[in-house]
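What follows is the residue order along each chain.
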Amino acid sequence: MSSMLLPMLFLAGLISGWTVKWLYGRYQLTSLERMAEGLRANAVRDAETIKKEILLEAREQRENERRQQEKELRDRWNELKRSESRLISKEDNLDKKISGLEKRQTALANSEKEVEEQALLLAEQMKHLHTELERVAGLTVEQAKQFLIDQMRDAAQIDARIICDKIENEAREMANKRAREILVQSIQRLTAETNSDVTMTSVSLPNEEMKGRIIGREGRNIRTLETLTGVDVVIDDTPEAVVISCFDPVRKAIAKESLERLIADGRIHPTRIEEIVQKVTKEFEKRIYEEGEKAVFAMGLPNIRPEGIRALGRLCFRTSYGQNVLAHSIEVAHLAGSIAAEVGANREIAKRAGLFHDVGKAIEADGDANHAEIGAELCRSIGESAPVVHAVLAHHNDVEPETVEAVIVQIADAISAARPGARRETLDSYIKRLESIEKIATSFDGVERAFAMQAGRDLRIIVNNDVVSEDKLKEMGRDIAQRIENEVQYPGRIRVTLVRETRVVEYAR
């Protein structure tokens, strides 16, 4: 019995537990349904509220757009009304103008008719007047015309005599002026030596071993000399001699003097070469001033400032078409002074202008100004008189000559340049080409010096180590080569070599 009771109690407990669990689950489901119903109701209410707000905003926006459109329509309507008013006003004005023009046309037609009538009346009066004049004067119209012609002929003859006298006076003045010009042109050309400046010079050596010492170990000595002076030292099979080649006579002279001193001294190494070149360069600066003083003293010209003397001295190392510019300037000054004395002009002004006429060639200047303009500016800065400045500026007709002295300087310049053997155009063109190549190189930032060598086929450029980096060096070389290709006419090709050297100097004390 007890064994039957236990399963039944267990089953009854199980059924009771399941019933309780079912009832609890039913209760929870009912609670969730009520909660869901509440949320749905809230969502419906919120949706209705949002819907109302959206509808309200749409109505307000539609109302605003309607008001805006009405305002635009009113503005357009007002503008159309104003345009219509202006058109009506213009139309009224045009009608008034047309009416006025019609009235004026009618008045002009009436006036034209009156003028024609008055012209007919005037013709009748003139005919009557001619008849009356012929009766009173006793002359016909043809006779009166002849009388007037005779009177005009007499007056014209008097005027012609006055004009002839004036022409004769002007011709006499022109004859005097022409006589002066003929006198100037008739002066015999100056007899002088044929120019012999060249771009190469040789230096004698005591023996053949000296060539090796000049070249130095691995070519250091000759490379240092060429770099410092900007020349090309040619060592060939010529016995006991080396050749220095350079288009710039100053560099050539400095290099020759430096090499001769090194040979005499016997100590040839880069440091000694640098010392000698610096010393010779300073001596040449002093020599330039002395050459200028000699030229001024030879011409007997006082009161010339040191800047002018130095500029004249630099002309000693310049050539124009192969002619030494300082010697040419002295010749022009002598000729100008002699011509001025012959024709009665100011001899002092003529000599000064003749001496300074090519001084602009000794000055390096940026821009497109020619040597006449540069020389005139220098003369003005050193206090030369206005006639001297004008003569320098006008010696190549950059301005029209306004004084006799300016014309004299032109003629003296032509006489000195035209004498046989004075100039060689090909040499000057060659030098100008090399100068233009060097000028292109030095126009770049960081370039300290540039030397055109090997007849312009080799351009060596010394750059500043602090300004130009290694990375920039190759780019600069390409830019320089490109500019030379675009701006210079030359045969063959030009090798552009850039040298960047790091130098450290310390002193032990």
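Numbering of residues begins from 1 in every chain and follows the order in which that chain's sequence is written. Restriction of local features to residues with pLDDT of at least 70 applies here, the model being predicted, together with a cutoff of 80 or more for giving and counting side-chain atom pairs; totals for whole chains, interfaces and linings are based on all residues. Hydrogens and water are ignored here; the side-chain numbers use all heavy atoms of the structure.

## Let's talk about the overall build of the protein
Note the cut-off: The way it works is that DSSP assigns letters per residue, a run of H or I at least four long becomes a helix, a run of E at least two long becomes a strand, and they are numbered from the N terminus. Buried, partly exposed and exposed residues are distinguished by accessible area as a fraction of the type maximum, computed with a 1.4 Å probe on protein chains only: under 20%, between the cut-offs, and over 50%, respectively. Contacts are assigned to residue pairs that have any heavy atoms within 4.5 Å of one another. Per-residue accessibility takes into account occlusion by the displayed protein chains alone, with areas from the Shrake-Rupley method and a 1.4 Å probe.
Each helix and strand in the protein was counted, giving 14 helices and 8 strands. The proportion of buried residues among the 509 residues of the protein is 30%. By sequence separation, contacts in the protein at least 24 residues apart represent 63% of the contacts at least 6 residues apart. In the form shown here, the protein has an accessible surface area of approximately 34,700 Å², with 54% of it arising from carbon and sulfur atoms.

## Thoughts on a nonpolar patch on the surface
As a reminder, the rule being used: Patches draw on residues past 30% relative accessible area with no salt bridge. Two like charges within 9 Å are joined, as are two nonpolar side chains (Val, Leu, Ile, Met, Phe, Trp, Tyr) within 5 Å. For salt bridges, the criterion is a side-chain nitrogen of Lys or Arg within 4 Å of an Asp or Glu carboxyl oxygen.
Judged by side-chain polarity, Phe10, Leu11, Leu14 and Ile15 come together as a nonpolar surface patch covering roughly 440 Å² of accessible area. According to the relative accessible area criterion, Ile15 is partly exposed, its value standing at 47%.

## Observations regarding helix H8 (residues 325–343)
Owing to its 3.6 residues per turn, the α-helix brings residues three or four apart onto one side. What counts, and what does not: One fewer than the residue count of a helix, multiplied by 1.5 Å, yields its expected span.
Across its 19 residues, H8 extends 26 Å between first and last C-alpha, which sits within 8% of the 27 Å expected from 1.5 Å per residue. Taken from the residues just after H8, Gly344 is the one with a positive phi, measuring 85°.

## Notes on helix H9 (residues 347–356)
Here is the rule: Here a polar contact means two N or O atoms within 3.5 Å. Within protein one must be a hydrogen donor candidate and the other an acceptor candidate, and residues neighboring in sequence count only if both atoms are side-chain atoms.
Of all 10 residues in H9, 8 are buried, a share of seventy percent or more. Every buried residue of H9 is accounted for by Ile349, Ala350, Lys351, Arg352, Ala353, Gly354, Leu355 and Phe356. The N-capping residue of H9, defined by a side-chain oxygen 3.1 Å from the backbone nitrogen of Glu348, is Asn346.

## Digging into the sheet that holds strand E8 (residues 495–500)
Going by this rule: For two strands to count as paired, DSSP must find a minimum of two bridges between them. Fitting a line to C-alpha atoms yields each axis, with helices limited to the stretch in contact; the angle taken between N-to-C directions then spans 0 to 180 degrees.
One open sheet holds the 3 strands; their spatial order is E6-E7-E8, and the pairing between them is mixed. Each edge of the sheet is formed by a strand with only one pairing partner; in this case those strands are strand E6 (447–453) and E8. Sheet twist, expressed as the average angle between the axes of neighbouring strands with direction ignored, equals 20°. Bridging between strand E7 (residues 458–463) and E8 involves 6 bridges; their strand directions are parallel. Paired with Asp458 across the two strands is Arg495, which belongs to E8. Against the sheet, helix H14 (residues 470–487) makes contact with E6, E7 and E8, and its axis sits at roughly 150° relative to E8, the strand it touches most.

## Description of the pairing of E6
Of all 7 residues in E6, 5 are buried, a share of seventy percent or more. In this sheet, E7 lies alongside E6 in antiparallel orientation, the contact comprising 6 bridges. Opposite Val447, over in E7, you have Val463 as the bridge partner.

## Quick look at the pattern of salt bridges
If you walk through the whole model with that rule in mind, you get 25 salt bridges. The residue Arg460 makes a salt bridge to Glu226 at a minimum N-O spacing of 2.7 Å. You can see Arg460 sitting in strand E7 and its partner Glu226 sitting in helix H4 (residues 220–229), a full 234 residues away along the chain. For Arg460, a relative accessible area of 22% corresponds to the partly exposed category. Judged by its relative accessible area of 7%, Glu226 is buried. When the shortest N-O distance is used, the salt bridge between Arg261 and Glu257 registers 3.0 Å. Remark: Glu257 and Arg261 occur in helix H5 (residues 249–265); sequence separation between them is 4 residues, near one turn of the helix. By relative accessible area, Arg261 is classed as partly exposed at 25%. For Glu257, a relative accessible area of 26% puts it in the partly exposed group. Among the ionic contacts, a cluster of salt bridges with common partners joins Glu63, Arg66, Arg67 and Glu70.

## Describing the nonpolar core
Put simply, the rule reads: As used here, the term nonpolar core means buried Ala, Val, Leu, Ile, Met, Phe, Trp, Tyr and Cys residues forming a set that is joined through side-chain atoms within 4.5 Å.
With 56 residues, the main nonpolar core has Ile214, Leu259, Ile263, Leu312 and Phe356 as its most contacted residues. Examining the composition of this core, we find that 9 residues originate from one element, helix H6 (residues 270–299), more than from any other. With near-sequence residues (within four places) excluded, Ile263 lies in contact with Val203, Ser204, Leu205, Pro206, Met210 and Ile214. By size, the runner-up hydrophobic cluster in this structure holds 22 residues, among which are Leu473, Val488, Ile494 and Leu498.

## Quick word on the packing of H6 against H8
Axis angle and axis distance: for two packed helices, these are the angle between their axes and the distance between the axes, and together they describe the pair. Here is the rule: For this classification, under 35 degrees means roughly parallel, over 145 means roughly antiparallel, 65 to 115 means roughly perpendicular, and everything else is oblique. Each crossing gets its hand from how the near helix is turned against the far one by less than a right angle, where anticlockwise is left-handed and clockwise is right-handed. Ten residues, namely Ala, Val, Leu, Ile, Met, Phe, Trp, Tyr, Cys and Pro, are considered nonpolar, four, namely Asp, Glu, Lys and Arg, are considered charged, and the remaining ones, Gly among them, are considered polar.
Close contact between H6 and H8 brings their axes to 11 Å; oriented N to C, the two are set at 15°. Judged on the interaxial angle alone, H8 and H6 are roughly parallel. The way H6 lies across H8 gives a crossing that is right-handed. Residues Glu291, Ala295 and Met299 of H6 touch H8, and the partners they reach there are Leu326, Ile330, Ala333 and His334. Partitioning the contact of H6 with H8 into residue classes produces 5 nonpolar, 1 polar and 1 charged.

## Describing the environment of Ile288
Relative to the elements of secondary structure, Ile288 occurs in helix H6. Accessibility expressed as a relative area gives 13% for Ile288, which makes it buried. Measuring from C-alpha to C-alpha, the distance between Ile288 and Cys316 comes to 7.5 Å, with 28 residues separating the pair along the chain. Contact partners of Ile288, with chain neighbours within four places excluded, come to Arg310, Gly313, Arg314 and Phe317.

## A word on unusual backbone geometry
A positive phi is found at Glu240, a non-glycine position, where the angle reads about 50°. Along the chain, Glu240 turns up in the loop between strand E2 (232–234) and strand E3 (241–245). Residue Glu240 is classed as partly exposed on the basis of its relative accessible area, which comes to 41%. Despite not being glycine, Asn303 has its phi angle at roughly 60°, a positive value. For Asn303, the location among the structural elements is in the loop between H6 and helix H7 (306–314).

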